[in-house]
Amino acid sequence: MITNGVAGLAAGGTYALLGVCVVLLYRVVAVVSFAGAALAAFGAFTTTVLTEHGWAFTPALIVGVACGAAVTALAGLVMATWFAESSPSTKAAVMVAFLVGLISLGARIFGAEHPHDFPSPFSGGVVTIAGAVITEASVITVVLAAALTVGISAFLKRTRTGVRLRALSERPSTAEHLGLRTRWLACGMWATSGALATIAIVVIAPSRTPSFSSLSLLIVPALAAALIGLFQSIEIAFFGGLALGILEGVAAGIDQIQEYRGVLPFAVILVALLWSQRKEQWDEAR
């Protein structure tokens, strides 16, 4: 069971990184980015198409990350230009529309029937600690996600730009009246989120079904991780993503439930939503 749980760390690191991106966008631009993984998938598929055409992995990854950032920034520009003052339900509906449209567009561009062979960015080395085998992919993914979590949290709390970005979410009109270039700040955050999410997708893609729709739906465990932190805590979203990956790994090693491990993110989302409503229900019961 320990070995299976450790094996889930690579996926957990990816979920954590995607969940941190979801929380970051929500805290800065007040949008739940249902299309975050689909937007980043464009960058990931660009990377693999370039390697298929003979590019070395590193330059292909740089171009892919730039592509993921650009596509995500474009979506952010749309949201900042036409939906900045819209209600949360309207923003959510727009992002769901983005998700559905991007899955169709991605399948059309990159092919739904002939999935690509994603290159692995890691050498496949392993480390054995207390009998548990830890892959190089797991170590690098978790370390990367942890470093970005600490960095983003410190940036938002301790820098002048971070304070401005938080003001952008809480008082967008006031921030604009104070002379902040809110639209471009928002686009910058969308682009940063897209770049980080593209790296996360590239890391996990070799171990998943290599189709555009499959990678786009990685937003589900990301949302589960973000919900554990109630879309406010970047640190809790990080640990929530890790825990979800470990749970999936443990479930994969149990014959009776391994076929149902894909349900885990939905179960976590349901439990988190029920838990978030406990106060209202208890108050009503009293």
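It should be noted that the structure appears before, not after, this text.
Now for a look at the structure at hand. What you see is a predicted model; the values in this text were computed from it and never measured.

### Details of the overall build of the chain
Within the chain one finds 14 helices and 2 strands. Taken over 286 residues, the chain has a buried fraction of 45%. Across the chain, contacts joining residues at least 24 apart in sequence account for 75% of those joining residues at least 6 apart. A total accessible area of about 14300 Å² is found for the chain, and carbon and sulfur atoms account for 66% of it.

### Focus on the pattern of salt bridges
In the structure shown here, the tally under the stated rule is 2 salt bridges. A salt bridge links Glu235 to Lys157; the nearest nitrogen and oxygen atoms lie 3.6 Å apart. Separated by 78 residues along the polypeptide, Glu235 in helix H12 (residues 234–252) and Lys157 in helix H6 (residues 136–158) bring together distant segments of the chain. Given a relative accessible area of 48%, Lys157 falls into the partly exposed group. Close ionic contact of Glu248 with Arg208 constitutes a salt bridge, the shortest N to O distance being 3.9 Å. Of the two residues, Glu248 is situated in helix H12 and Arg208 in the loop between helix H9 (182–204) and helix H10 (212–216); the sequence distance between them amounts to 40 residues. Judged by its relative accessible area of 26%, Arg208 is partly exposed.

### Considering the packing of aromatic side chains
Counted by the stated rule, this structure contains 8 aromatic pairs. Judged by centre distance (5.0 Å) and plane angle (80°), the rings of Phe45 and Phe118 are edge-to-face. Of this pair, Phe45 sits in helix H3 (residues 36–52) while Phe118 sits in the loop between helix H5 (88–110) and strand E1 (126–129), and the two are 73 residues apart along the sequence. There is no split in this pair, since Phe45 and Phe118 are both buried.

### Regarding the side chain of Lys91
The residue Lys91 is located in helix H5 in this model. The side chain of Lys91 is buried and forms no salt bridge, while Glu85, the nearest opposite charge, is found at 7.2 Å.

### Regarding a nonpolar patch on the surface
Residues Ile257, Tyr260, Val263 and Phe266 make up a contiguous nonpolar surface patch of roughly 420 Å² in combined accessible area. Examined against the element boundaries, Ile257 turns out to sit in the loop between H12 and helix H13 (264–276). According to the relative accessible area criterion, Ile257 is partly exposed, its value standing at 38%.

### A word on the nonpolar core
Formed by 69 residues in total, the largest nonpolar core has its most connected members in Ile201 and Leu218. If we skip the residues at most four places from it in the chain, Ile201 touches Leu18, Ala37, Ala40, Ala41, Ala44, Leu215 and Leu218. Counting residues in hydrophobic clusters, the runner-up holds 5 residues, among them Val65, Ala69, Ala73 and Ala195.

### What to know about helix H2 (residues 9–29)
When the terminal C-alpha atoms of H2 are compared, their 30 Å separation across 21 residues agrees well with the 30 Å that a helix rising 1.5 Å per residue should span. Across the 21 residues of H2, 20 count as buried, placing the element largely inside the fold. Where H2 ends, the next residue or the one after it, Ala30, has phi of about 60°, a positive value.

### Examining the packing of helix H4 (residues 57–82) against H9
Between H4 and H9, the least distance of the axes is 7 Å, while the angle of their chain directions is 140°. Taken together, the axis directions place H4 and H9 in an arrangement best described as oblique. The two elements H4 and H9 meet at a crossing, and its hand is right-handed. Broken down by class, the residue content of the contact of H4 with H9 amounts to 15 nonpolar, 7 polar and 1 charged.

What counts, and at which threshold
Residues numbered from 1 in each chain as written. Predicted model: local features only at pLDDT ≥ 70, side-chain atom pairs only at ≥ 80, totals over all residues. Heavy atoms only, no water. Helix = DSSP H or I, 4+ residues; strand = E, 2+ residues; numbered from the N terminus. Buried < 20%, exposed > 50% of the residue type's maximum accessible area, 1.4 Å probe, protein only. Contact = heavy atoms within 4.5 Å. Areas by Shrake-Rupley, 256 points an atom, 1.4 Å probe, with all protein chains shown as cover. Salt bridge = Lys/Arg side-chain N within 4 Å of Asp/Glu carboxyl O. Phe/Tyr/Trp six-rings, centres within 6.5 Å; stacked < 30°, edge-to-face > 60°. Lys, Arg positive; Asp, Glu negative; His and termini not counted. Patch = residues over 30% accessible without salt bridge, like charges linked within 9 Å, V, L, I, M, F, W, Y side chains within 5 Å. Core = buried A, V, L, I, M, F, W, Y, C linked by side-chain atoms within 4.5 Å. Expected span 1.5 Å × (residues − 1). Axes fitted to C-alpha atoms, helices over the stretch in contact; angles between N-to-C directions. Parallel < 35°, antiparallel > 145°, perpendicular 65-115°, else oblique. Left-handed = near helix turned anticlockwise from the far one by under 90°. Nonpolar A, V, L, I, M, F, W, Y, C, P; charged D, E, K, R; others polar.

By themselves, these are just geometric observations and shouldn't be taken as functional.
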